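# Structural features, examined
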Amino acid sequence: MPELPEVENLRLGLERSIVLQKIMGVKVLKPKLVSGKGTIRIADTKKVKEFENGLTNEIFSKIERRAKNLIFRFKSGKVLLVHLKMSGQFVYKHKNNEEKVIGGHPIEISEKEIPNKHTHVTFKLNNGSLYYNDTRMFGYLLYYDSEKTFDTGRHFEFLGLEPLSKKFTLKYLVESLKKKNGKIKAVLMNQEIVTGLGNIYADETLFESKINPTRPASSLKKEEIKLLYNAIIRIIRRAIKVGGSSVATYKLLDESTGNYAREHKVYGKSKEKCPRCDEALQKTVIQTRTTVFCSNCQK
Ligand SMILES: [Zn+2]
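Model, not experiment: these values are computed from the prediction.

Scoring rules and cut-offs
- Residues numbered from 1 in each chain as written.
- Predicted model: local features only at pLDDT ≥ 70, side-chain atom pairs only at ≥ 80, totals over all residues.
- Heavy atoms only, no water.
- Helix = DSSP H or I, 4+ residues; strand = E, 2+ residues; numbered from the N terminus.
- Rg over C-alpha atoms; globule rule 2.2 N^0.38 Å.
- Buried < 20%, exposed > 50% of the residue type's maximum accessible area, 1.4 Å probe, protein only.
- Contact = heavy atoms within 4.5 Å.
- Areas by Shrake-Rupley, 256 points an atom, 1.4 Å probe, with all protein chains shown as cover.
- Polar contact = N/O pair within 3.5 Å; in protein donor to acceptor, adjacent residues only side chain to side chain.
- Donors = N, O, S within 2.8 Å, 3.2 Å for Na, K, Ca; no water.
- Tetrahedral: all angles 85-135°; square planar, octahedral: opposite > 155°, others 65-115°.
- 1 Å grid on protein atoms, 1.4 Å probe; cavity = no way out; pocket = protein on both sides within 12 Å on 5 of 7 lines; lining within 4 Å.
- Points joined across faces, edges and corners; volume = space filled by probe spheres on them.
- Nonpolar A, V, L, I, M, F, W, Y, C, P; charged D, E, K, R; others polar.
- Axes fitted to C-alpha atoms, helices over the stretch in contact; angles between N-to-C directions.
- Parallel < 35°, antiparallel > 145°, perpendicular 65-115°, else oblique.
- Left-handed = near helix turned anticlockwise from the far one by under 90°.

Further remarks concern the overall build of the chain. When you go through the chain residue by residue, the secondary structure sums to 8 helices and 11 strands. Scaling as 2.2 N^0.38, a compact globule of 299 residues should have a C-alpha radius of gyration of about 19 Å, and the chain matches this with 20 Å. With the principal axes as the frame, the chain shows a C-alpha extent of 60 × 40 × 35 Å. Within the chain, the proportion of its 299 residues that are buried is 53%. Restricting to contacts in the chain with at least 6 residues of sequence separation, those with at least 24 account for 65%. In the form shown here, the chain has an accessible surface area of approximately 14400 Å², with 51% of it arising from carbon and sulfur atoms.

Below, the structure is given as structure tokens:
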């Protein structure tokens, strides 16, 4: 699943490539993807028409990110909200093959062939094509005819702060964790306090700050929260810088691969030794997610 650093890298790549380009035509092959959110969605042909007609001739003005949502804004004020969920991906290809941007969930076939059987929405732009691919089709692309209709959807009202925003302070984190009795890993992953920490980055930040993932959030002392706060900022910033954690097939604009995976210390390493103390790493399950930690140095 793409996490915040992967989505941010995709945003950066697309922003460099498609902003100021005009959409010459749109084709939706899987109506479900543009018909709403949630697991139960009814394919709506009226929505497909609105989507295709509404976005044709529009010019991209800006691409924003909020948590793992991508918000494409157009000069006219129209908005396209996209969430990649488990397995969504964007590929942009310049018409002369001069540049290619791939980001989101790695899909092997997209490396060689585009469009392919997982391509469900195609945007023809004046200088190239933008493809939305999705293997499991949990993602969504929602069209809004104005900023006002987008805003009334209140899509982000239950989301916590962005980890790299100025508002995310140590004081805020201390105050927020005080009220939470759930396990610290679960609290970090539910996005209500801070966004962007999925399974990988929750395990990595807790390891770095020497906090046991099963501790109740409200039991953390201020000094521990300070370590956690610094770890969140350092790790998210670093992961964005090196291109995220997706495995080899993830490519940045300059063809370098997302290689924060090489820097993982505990995530996915349950049978290995702790890089800090050499004891065997432990594995447990927190809210259905495999959690790896060192019971010797994470207290
Ligand atoms: Zn250890």
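That covers the picture; the talk isn't over yet.
Relative to the assigned elements, Asn-199 resides in helix 7 (residues 199-208). A polar contact of 2.3 Å, which involves the side chain of Asn-199, links it to the side chain of Lys-185. Leave out the neighbours within four places in its chain, and Asn-199 touches Glu-3, Lys-185, Met-189, Tyr-267, Arg-289 and Thr-290.

Looking at the zinc ion, the protein donor atoms are Cys-274 (SG), Cys-277 (SG), Cys-294 (SG) and Cys-297 (SG), and they sit 2.2 to 2.4 Å from it. Considering all 4 donor atoms around the zinc ion, the spread of angles at the metal, 102 to 126°, places the coordination shape in the tetrahedral class. Written as a sequence motif, the donor residues of the zinc ion are C-x2-C-x16-C-x2-C. One end of the pair, Cys-274, is in the loop between helix 8 (222-242) and strand 10 (282-286); the other, Cys-297, is in the segment after strand 11 (289-293), with 23 residues separating them in the sequence. Residue Cys-274 shares its accessibility class with Cys-297, and that shared class is buried.

On to the layout of surface pockets, then. As a volume, the largest pocket reaches approximately 690 Å³. Taken together, 33 residues make up the lining of the largest pocket; nearest its centre are Met-1, Pro-2, Glu-3, Lys-68 and Lys-85. At the level of elements, strand 4 (79-83) and helix 7 are the ones that each hand at least two residues to the lining of the largest pocket. Class assignment of the residues belonging to the lining of the largest pocket gives a composition of 16 nonpolar, 11 polar and 6 charged. Volume-wise, the second largest pocket comes out at about 180 Å³. Taken together, Val-34, Ser-35, Gly-36, Lys-47, Glu-50, Phe-51, Leu-142, Tyr-143, Tyr-144, Asp-145 and Thr-149 make up the lining of the second largest pocket. When contributions to the lining of the second largest pocket are tallied by element, the ones reaching two or more residues are helix 2 (45-55) and strand 9 (140-144). Here the residues of the lining of the second largest pocket are counted per class, giving 5 nonpolar, 3 polar and 3 charged.

What follows concerns the pairing of strand 9. The buried count for strand 9 comes to 5 of 5 residues, which makes it a mostly enclosed element. Here strand 9 shows two buried faces, one formed by Tyr-140, Leu-142 and Tyr-144 and the other by Leu-141 and Tyr-143.

Running from N to C, helix 5 (residues 170-178) and helix 8 cross one another at 120°; their axes reach a closest spacing of 10 Å. Our classification of the angle between helix 5 and helix 8 gives oblique. Taken as a pair, helix 5 and helix 8 cross one another with a handedness that is right-handed. Two secondary-structure elements touch here, helix 5 through Leu-170, Leu-173, Val-174 and Leu-177 and helix 8 through Lys-222, Ile-225, Lys-226, Leu-228, Tyr-229 and Ile-232. For the contact of helix 5 with helix 8, the per-class residue count stands at 8 nonpolar, no polar and 2 charged.

Secondary-structure assignment places Gly-182 in the loop between helix 5 and helix 6 (184-189). In the structure, Gly-182 is positioned 80 residues away from Arg-262 in sequence and 30 Å away in space, judged by C-alpha atoms. When neighbours within four sequence positions are excluded, Gly-182 is seen to be in contact with Val-187, Arg-215, Pro-216 and Ala-217.

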